[in-house]
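Coordinate analysis (summary)
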Amino acid sequence: MKQKIAESYRQKLASEEGWVLKRGASLRIALCYPNFYGIGMANLGFHAMYEIFNRIPEVSCERVFLPDDSEMRDYEASRKSLLSLESQTPVRDFDVVAFSISFETDYLNMARMLRLSGVPIWAKDRGPRDPLIVMGGAASFLNPEPIADFTDVIGVGEGEILGPQLVDVLLEHPDKTEALRALAKFGRGFYVPSLYDVTYNDDGTVKAYEPADAAVSKRVGRAVAAENPKEGSLRRAIRRGETEIAEQLRTEEVFAPSTSIWAPQAEMGKRFLIEISRGCSQGCRFCWAGFNYWPPRVVPARDILAKAQAWRGKTDKIGLVSTAVCDHPEISEILQGLRAMEFRISVSSLRLDQISDELLDALVESRDQQIAVAPETGSDRLRKVINKNLTNDEIVDICGAVFDRGMLTVKLYLMVGLPTETDEDLAEMIVLVERIKDRMLEAGQRFGRAGKIIPSLNGFVPKPNTPLQWDAICDERELKRRLKWVCKNLARIPNVEVRSMSGRIAHEQALFSSGDRRVAKVIEAAARLNGDLRAGLRETGIDPAFYTSRDRSYEEILPWEIVDSGLSREFMQQEHERAHIAKSTAPCPSVNECTRCGVCPTTWLATAPANLIQLQGRSIAVDRAFAIA
Ligand code: SF4
């Protein structure tokens with residue numbers, strides 16, 4: 001049976017190009033993605049960490065995925081422990097097992113993989129001979145607490161900085177306990193849960209986080225990657241007219257996370273993905289990605305085009321990954337360069353207020369992507385609550401510009417259950433979709449065909465480190481009623497094909513995203529009970545409503561406040577108050593002097609030591625064994 005699994009892995013490797021296998025490295029890292037191969041290989045953060053680790057000469061990094069159904073049957077039948085993809089080595093034999101977790105919905109998969117690897121699942125049960133278990137990725141630093149008890153160290157911030165630093169410390173301190181203390185002493189970037197004692201009030205809320213001793217910081221700062229430690233990003237330099245700095249930024253190579261392995265069997269595996277910017281200036285109050293990647297930063301066009309050119313022989317499909325593609329100050333140069341190379345361009349998301357004719361033309365020309373836009377709601381008032389400053393009229397006009405180019409199908413991302421939402425707001429959602437559909441049919445007459453409007457409904461989940469973090473999720477029964485009502489009324493409209501997330505899934509997400517350390521017991525139990533979360537809740541006696549369905553007071557210590565994201569409490573509370581009176585706030589100005597939200601003075605420009613704030617961490621001697629195809 002073990003042979004069968006190894007054979008399946010060898011077949012995957014045979015279909016790929018660019019993977020690495022180093023023999024005799026001093027530090028072996030198993031980089032785990034808590035989902036199937038096809039999904040993990042579409043994740044840019046996972047590709048980036050594989051490249052970052054393998055660039056370091058002393059490191060050999062191999063990939064590990066959640067086995068698919070057939071592989072899982074083979075593992076269970078053979079009672080073998082989980083293997084890495086490259087060398088089919090048992091995961092428990094690596095020095096480090098590092099999970100890259102982008103979504104809290106993958107926590108159960110992470111626990112299943114730990115179980116399958118034979119490594120003791122709880123950190124307290126592991127000894128000096130067991131591998132060091134590291135968690136990184138957006139979900140783990142947004143709120144590390146639900147996974148804290150599984151973990152030896154959690155990466156708080158961005159991998160370009162943290163990966164090389166982690167390796168340095170581990171090479172310097174072979175003793176695990178010493179290494180953990182050395183990491184904790186940074187005060188920024190590494191959270192070692194075992195060095196903090198958490199106490200709770202009688203009402204169940206967090207009372208305090210007590211560091212083990214004076215050398216361990218009270219809170220763990222977020223490590224932020226930047227292109228230029230002194231002057232900030234290219235965007236800032238261009239805005240301020242500092243041509244010399246802008247030129248310097250353009251000419252110095254920046255690490256641009258991109259596809260590092262050609263994996264045609266994976267979702268989007270035949271497309272070259274590259275991150276062109278990080279963070280979004282708008283400050284939409286529901287959006288964790290916006291706030292937790294402030295300040296917005298960009299990769300210079302020069303580096304994007306150089307990498308694209310290197311991959312052009314392999315593919316004509318390119319995906320630009322960013323939360324705000326058109327915010328890039330050199331977007332025009334990037335699009336022109338890619339079109340000159342005859343790339344078919346797609347983008348990870350389109351921010352409605354920023355869609356330019358040039359970008360739309362490029363997307364239409366590539367005919368490679370269904371256009372997806374995010375009005376979020378059908379109510380202009382609710383859009384002010386979430387600080388998305390667009391009106392229904394503007395949204396219909398923008399969709400019209402898409403239809404007039406002959407792209408007659410659009411997907412609309414919409415949320416149900418936003419704070420202060422009423423039935424009138426939901427009725428406006430139906431009207432908005434109807435108006436967009438009418439505009440599509442009008443354009444369709446000119447092309448002699450009709451398209452489709454695809455509303456995709458999600459239940460709103462309040463996320464940590466956003467201004468709506470103090471709000472409860474809409475009651476599950478009420479959320480289901482609202483989703484059902486909207487679905488029913490949208491389904492009646494011709495040329496509309498509605499898709500909806502279930503209210504139950506939204507509540508599960510809310511539990512995992514806003515839980516404290518005690519939620520780890522639910523994760524462990526549910527993973528052991530074949531993913532049955534309800535059974536896990538019953539077994540542990542944990543009431544999910546405590547985490548999901550109560551408004552939190554400003555006095556409460558929030559479980560995720562062990563992480564100092566740089567966002568000041570004062571700013572976040574103001575934003576929360578403004579949300580509830582439907583008052584909008586201007587976007588992040590991305591200028592040097594700004595102190596508004598607290599991120600720049602605390603995480604970037606002022607106190608952070610230089611080796612924490614450059615995008616590459618520091619220059620890394622590239623290992624010759626590592627070559628990207
Ligand atoms: S301090 Fe100002 S410029 Fe910096 S991220 Fe916050 S709002 Fe943006």
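Because the structure is predicted, anything quoted here is derived from the model rather than measured.

Conventions used here
The residue numbering used here restarts from 1 in each chain and proceeds along that chain's sequence as written. Only residues with pLDDT of at least 70 are given local features in this predicted model, and only at 80 or more are side-chain atom pairs given and counted; all residues enter the totals for whole chains, interfaces and linings. Note that the side-chain values use all heavy atoms of the structure and ignore hydrogens as well as water. Whenever Lys or Arg places a side-chain nitrogen within 4 Å of a carboxyl oxygen from Asp or Glu, that contact is recorded as a salt bridge. Strands are runs of DSSP state E lasting at least 2 residues, helices are runs of H or I lasting at least 4, and numbering of each runs from the N terminus. In this analysis an axis means a line fitted to C-alpha atoms, helices contributing only their contacting stretch, and an angle means the value between N-to-C directions, from 0 to 180 degrees. Roughly parallel means an angle under 35 degrees; roughly antiparallel means over 145; roughly perpendicular covers 65 to 115; every other angle is labelled oblique. The handedness criterion is simple: a crossing whose near helix is rotated anticlockwise from the far helix by less than a right angle is left-handed, and one whose near helix is rotated clockwise is right-handed. Contact definition: two residues touch when any of their heavy atoms are within 4.5 Å. For this classification, the nonpolar set comprises Ala, Val, Leu, Ile, Met, Phe, Trp, Tyr, Cys and Pro, the charged set comprises Asp, Glu, Lys and Arg, and every other residue, Gly included, is treated as polar. Exposed residues in this analysis have more than 50% of their type's maximum accessible area, buried residues have under 20%, and partly exposed residues fall in between, with area computed by a 1.4 Å probe over protein chains only. Taken from the helix axis, the directions to the C-beta atoms give the arc we talk about. The quantity known as pLDDT measures the predictor's confidence residue by residue, on a range of 0 to 100. The definition of a nonpolar core used throughout is a set of buried Ala, Val, Leu, Ile, Met, Phe, Trp, Tyr and Cys residues joined through side-chain atoms within 4.5 Å. Two strands pair if DSSP finds at least two bridges between them. Nitrogen and oxygen atoms within 3.5 Å of one another constitute a polar contact, given that in protein one can donate a hydrogen and the other can accept it, and given that sequence-neighbouring residues count only through two side-chain atoms.

Before going further, it helps to examine the pattern of salt bridges. By the definition in use, this model includes 45 salt bridges. Here E575 ties to R285 by a salt bridge, and the two come within 2.9 Å at their closest N and O atoms. Of this pair, E575 sits in helix α23 (residues 569–580) while R285 sits in the loop between β11 (277–278) and α11 (288–292), and the two are 290 residues apart along the sequence. With a shortest N-O distance of 3.2 Å, R405 and D357 are connected by a salt bridge. A residue pair is termed long-range when its members are at least 10 positions apart, and R405 in the loop between α16 (392–403) and β16 (410–416) and D357 in helix α14 (residues 357–366) qualify at 48 residues. Salt bridges sharing partners connect three or more residues here, namely E421, D423, E478, R481 and R482.

Turning our eyes to something else, we now look at the packing of helix α13 (residues 331–340) against α14. Two elements in contact, α13 and α14, have axes separated by 10 Å at closest approach and are oriented at 25 degrees. Regarding the angle of α13 to α14, the classification is roughly parallel. Where α13 crosses over α14, the handedness of that crossing is left-handed. When α13 is examined against α14, the residues S332, L335, Q336 and R339 are found in contact with a partner set consisting of E358, L359, D361, A362 and E365. Taken together, the residues of the contact of α13 with α14 sort by class into 3 nonpolar, 2 polar and 4 charged.

Time to look at helix α4 (residues 69–78). Those residues of α4 that fall on the buried side of the exposure criterion are E71, M72, D74, Y75 and S78. Down the axis of α4, the sector holding all buried residues measures 160 degrees, keeping them to one side. Across from the buried face of α4, at angles greater than 90 degrees, the exposed residues are D69, R73, E76 and A77. Where α4 terminates, the next one or two residues include R79, which has phi positive at roughly 55 degrees.

All right, on to the confidence of the model for the protein then. The pLDDT averaged across the protein works out to 88; a share of 89% of its residues lies at or above 70. Under a pLDDT of 50 for its full length, residues 227–233 has, in the predicted model, 26 contacts with residues more than four places off or in other chains. The low-confidence segment residues 604–629, where pLDDT is below 50, has 81 contacts with residues more than four positions distant or belonging to other chains.

What follows concerns the nonpolar core. Of all hydrophobic cores here, the largest spans 100 residues; its most connected members are I29, F53, F99, M135 and F150. At 7 residues, the largest contribution of residues to this core is made by helix α5 (residues 107–117). Counting residues in hydrophobic clusters, the runner-up holds 67 residues, among them I304, L360, M407 and M440.

Attention shifts here to the pairing of strand β15 (residues 371–376). Counting buried positions along β15 gives 5 out of 6 residues, so the element sits mostly inside the fold. The sheet contact formed by β15 and β16 spans 4 bridges and is parallel. Residue pairing for β16: E376 is matched across the bridge by L414.

Right, let's get into the environment of N389. Following the sequence through the fold, N389 ends up in the loop between α15 (380–385) and α16. Sequence separation of N389 and A586 is 197 residues, and the distance between their C-alpha atoms is 9.2 Å. Aside from chain neighbours lying at most four places away, what touches N389 is E394, S584 and T585. Of note is the side chain of N389, whose polar atom sits 3.3 Å from the side chain of N387. Polar side-chain contacts of N389 include one of 3.5 Å to the side chain of S584.

Glancing now at the pairing of strand β10 (residues 272–275). The alternating pattern of β10 places F272 and I274 and L273 and E275 on opposite faces, both of which are buried. Sheet analysis places β10 next to strand β13 (residues 317–321), joined by 4 bridges and oriented parallel. Looking at the pairing, L273 lines up with G319 of β13.

A few words now on the sheet that holds β10. Strand order in the open sheet formed by 3 strands is β10-β13-β14, and the pairing between neighbours is parallel. Strands with a single pairing partner mark the edges of an open sheet, and in this sheet they are β10 and β14 (344–347). Across the sheet, the axes of successive neighbouring strands diverge by a mean angle of 25 degrees, strand direction being ignored. With respect to the sheet, helix α12 (residues 301–311) is in contact with β10 and β13, its orientation differing from that of β10 by roughly 170 degrees.

Another point: the sheet that holds strand β3 (residues 96–100). Within the open sheet, the 6 strands sit side by side as β2-β1-β3-β4-β5-β6. Their pairing is mixed. Where the open sheet ends on each side, the last strands, each with one partner, are β2 (59–65) and β6 (190–191). Where strand β1 (residues 27–33) lies against β2, 7 bridges are found, and the strand directions are parallel. Across the sheet, residue A30 finds its bridge partner in β2, namely E62. Strands in contact with helix α3 (residues 44–55) are β1, β2 and β3; relative to β2, the strand with the most contacts, it is inclined by about 155 degrees. Strands in contact with helix α7 (residues 159–172) are β1, β2, β3, β4 (132–136), β5 (153–155) and β6; relative to β1, the strand with the most contacts, it is inclined by about 140 degrees.

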